[in-house]
Amino acid sequence: MSPRSAHPAVVRALLPVLGLAVFVDLLSLAVDYDPGHTVAKPLLMPLLAAYAALRGAPRLLVAALLFGWGGDTLLLSDTDPAFLAGMACFAAGHLCYLALFRTYGSPKSAPRARAGLLAVGYAVALAATVTLLWPDLPADLRVPVAGYSALLTAMACAAAVRLGLVAGLGGALFMASDTLIATGVADWPQPPRPDFWIMLTYVAAQFLLVQGVLSTLAERRAPAAAYREVRSTTP
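Q: Describe in detail the environment of Trp-69, supporting the description with residues and values.
A: Looking at the element boundaries, Trp-69 is found in helix H3 (residues 59–74). Distance from Trp-69 to Pro-42, taken between C-alpha atoms, is 6.3 Å for residues 27 residues apart in sequence. In this structure the side chain of Trp-69 is engaged in a polar contact, spanning 3.1 Å, whose partner is the backbone oxygen of Pro-42.

Q: Explain the packing of helix H4 (residues 80–104) against helix H6 (residues 142–163) residue by residue, including any values.
A: Contact geometry of H4 with H6 gives a least axis separation of 9 Å together with a crossing angle of 25°. As the angle between them shows, H4 and H6 are arranged roughly parallel. H6 is crossed by H4, and the crossing has left-handed handedness. Contact residues: H4 offers Leu-84, Met-87, Phe-90, Ala-91, His-94, Leu-95, Tyr-97, Leu-98, Phe-101 and Arg-102, while H6 offers Pro-144, Val-145, Tyr-148, Leu-151, Leu-152, Ala-154, Met-155, Ala-158, Ala-159, Arg-162 and Leu-163. Taken together, the residues of the contact of H4 with H6 sort by class into 18 nonpolar, one polar and two charged.

Q: Go over a nonpolar patch on the surface, please, and point to the residues and values.
A: Taken together, the side chains of Leu-20, Phe-23, Val-24, Leu-27, Val-31 and Tyr-33 make up a nonpolar region of the molecular surface, amounting to roughly 590 Å² of accessible area. Tracing the backbone shows Tyr-33 in the loop between helix H1 (8–30) and helix H2 (34–54).

Q: Explain unusual backbone geometry to me, using residue names and the numbers behind them.
A: For Asp-187, which is not glycine, the phi dihedral falls at a positive 65°. Relative to the elements of secondary structure, Asp-187 occurs in the loop between helix H7 (165–185) and helix H8 (194–233). Asp-187 gets classed as exposed once you look at its relative accessible area, which sits at 68%. Notably, Arg-193 is not glycine yet its phi reads approximately 50°, a positive angle.

Conventions and cut-offs
- Residues numbered from 1 in each chain as written.
- Predicted model: local features only at pLDDT ≥ 70, side-chain atom pairs only at ≥ 80, totals over all residues.
- Heavy atoms only, no water.
- Helix = DSSP H or I, 4+ residues; strand = E, 2+ residues; numbered from the N terminus.
- Polar contact = N/O pair within 3.5 Å; in protein donor to acceptor, adjacent residues only side chain to side chain.
- Axes fitted to C-alpha atoms, helices over the stretch in contact; angles between N-to-C directions.
- Parallel < 35°, antiparallel > 145°, perpendicular 65-115°, else oblique.
- Left-handed = near helix turned anticlockwise from the far one by under 90°.
- Contact = heavy atoms within 4.5 Å.
- Nonpolar A, V, L, I, M, F, W, Y, C, P; charged D, E, K, R; others polar.
- Patch = residues over 30% accessible without salt bridge, like charges linked within 9 Å, V, L, I, M, F, W, Y side chains within 5 Å.
- Areas by Shrake-Rupley, 256 points an atom, 1.4 Å probe, with all protein chains shown as cover.
- Salt bridge = Lys/Arg side-chain N within 4 Å of Asp/Glu carboxyl O.
- Buried < 20%, exposed > 50% of the residue type's maximum accessible area, 1.4 Å probe, protein only.

As structure tokens, then:
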């Protein structure tokens, strides 16, 4: 089914289904009901990817979400190999996002001065986070976590610079979610029900990134549609 042939009712119906899956997942985490989380978590990104695809999203966006689904599924396991494989899936998703922002975003979304400040701010946040976490991370995870953090930070910064506020907030929340994971790996003190906060910020991040991309695409398509309409009515 192509985006043009997708019935609007089908597209609208996906959001409540996604909302229900998010609710079940977060409630399961809040009450420490592992079976509910195990069932609901792998449904989140496929549902969001389907919604994005039916809205006419580029393949890179759908790919980023499906890589997120791979990471979500792998991180249901507590083993180190699964953690590294999940991190690799998310890294691939961030590469998709970076390519997507480069293709469809615009540096005009942020004035040059603000873009420079954003880049400096994200670089400082990255350096501080890696420096503080480094001594407490397991030795075999230090380099992978540092490399992944750099890629995640680049994605979050590019979202803010090239797509604007909504996607930028999504990137920032993605960083917050993964920082919570990293502090858990480093055995730092955690808030109550840390997995709840990790998933809450993660799902919000992915949704805002999708909305930011779709809004940008809609803005780009609007002038083209108006031009075609004018041409069709011109004698």
